[in-house]
Amino acid sequence: GGVKVGEINPNTMESKLVKGLYFAGEVIDVDAYTGGFNLQIAWATGRAAGFAAAKRDE
Ligand SMILES: Cc1cc2nc3c(=O)[nH]c(=O)nc-3n(C[C@H](O)[C@H](O)[C@H](O)COP(=O)(O)OP(=O)(O)OC[C@H]3O[C@@H](n4cnc5c(N)ncnc54)[C@H](O)[C@@H]3O)c2cc1C
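Residues numbered from 1 in each chain as written. Predicted model: local features only at pLDDT ≥ 70, side-chain atom pairs only at ≥ 80, totals over all residues. Heavy atoms only, no water.

Caption draft 1: Seen up close, the overall build of the protein chain. A count of helical and extended segments in the protein chain gives 1 helix and 0 strands. In summary, the protein chain has a C-alpha radius of gyration of 11 Å against a globular reference of 10 Å for 58 residues, a match within 12%. Each principal axis of the C-alpha distribution contributes one length, and for the protein chain these read about 40 × 20 × 15 Å. Here the protein chain holds 58 residues, and the buried ones make up 19% of them. Put simply, of all contacts in the protein chain between residues at least 6 apart along the chain, 46% involve residues at least 24 apart. Total accessible area computed for the protein chain in this model is approximately 4,300 Å², and 57% of it derives from carbon and sulfur atoms. (Helix = DSSP H or I, 4+ residues; strand = E, 2+ residues; numbered from the N terminus. Rg over C-alpha atoms; globule rule 2.2 N^0.38 Å. Buried < 20%, exposed > 50% of the residue type's maximum accessible area, 1.4 Å probe, protein only. Contact = heavy atoms within 4.5 Å. Areas by Shrake-Rupley, 256 points an atom, 1.4 Å probe, with all protein chains shown as cover.)

Caption draft 2: Representation of a nonpolar patch on the surface. Residues Leu17, Val18 and Leu21 make up a contiguous nonpolar surface patch of about 280 Å² in total accessible area. Mapped onto the secondary structure, Val18 falls in the segment before helix 1 (37-55). (Patch = residues over 30% accessible without salt bridge, like charges linked within 9 Å, V, L, I, M, F, W, Y side chains within 5 Å. Salt bridge = Lys/Arg side-chain N within 4 Å of Asp/Glu carboxyl O.)

Caption draft 3: Here's a closer look at the environment of Thr12. Relative to the assigned elements, Thr12 resides in the segment before helix 1. The partly exposed category is assigned to Thr12, whose relative accessible area is 22%. In this structure, the C-alpha to C-alpha distance between Thr12 and Ala44, residues 32 residues apart in sequence, is 11 Å. Excluding residues within four positions of it along the chain, Thr12 makes contact with Tyr22, Ala48, Ala49 and Ala52. Here Glu14 takes part through its backbone nitrogen, which lies 3.2 Å from a polar atom of the side chain of Thr12. (Polar contact = N/O pair within 3.5 Å; in protein donor to acceptor, adjacent residues only side chain to side chain.)

Caption draft 4: Spatial organisation of the side chain of Thr45. Looking at the secondary structure, you find Thr45 in helix 1. Among the polar contacts made by the side chain of Thr45, one reaches the main-chain amide nitrogen of Gly25 at a distance of 2.9 Å. At 2.6 Å, the side chain of Thr45 forms a polar contact with the backbone oxygen of Ile41. Not counting residues within four places of it along the chain, the set of residues in contact with Thr45 comprises Met13, Phe23, Ala24, Gly25 and Ile28.

Caption draft 5: Region of interest: helix 1. In this model helix 1 runs 27 Å from its N-terminal to its C-terminal C-alpha over 19 residues, within 8% of the 27 Å that 1.5 Å per residue would give. Along helix 1, the residues that are buried comprise Thr45, Ala49 and Ala52. Buried residues along helix 1 cover an arc of 65° about the axis, so they all sit on one side. Projecting away from the buried face of helix 1 at angles above 90 degrees are the exposed residues Trp43, Arg47, Ala54 and Lys55. (Expected span 1.5 Å × (residues − 1). Arc of directions from axis to C-beta.)

Rendered as structure tokens:
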């Protein structure tokens, strides 16, 4: 469960509905097979969201 991927910009992890709101990890509506893929999702989306949020002007 969580926020629909269609409502998130995949390059920045920013919400398409609320500017300045970024998502990462478990709050996103994705799941994966066990074996480390959920952790990879958390790390990859967290990195993307963090960099995008840091570059934001406002
Ligand atoms: C028992 C178990 C085994 C797992 N095994 C695997 C595995 O083998 N491989 C794999 O890939 N994935 C595994 N997972 C899934 C993986 O752990 C998660 O997908 C990943 O940790 C999610 O990271 P996250 O940062 O999104 O969320 P979380 O790791 O849950 O981090 C959220 C953080 O936010 C904090 N928080 C919550 N509310 C607030 C608040 N109001 N204010 C401030 N902080 C708050 C919490 O304390 C927590 O530290 C497992 C999960 C569980 C429960």
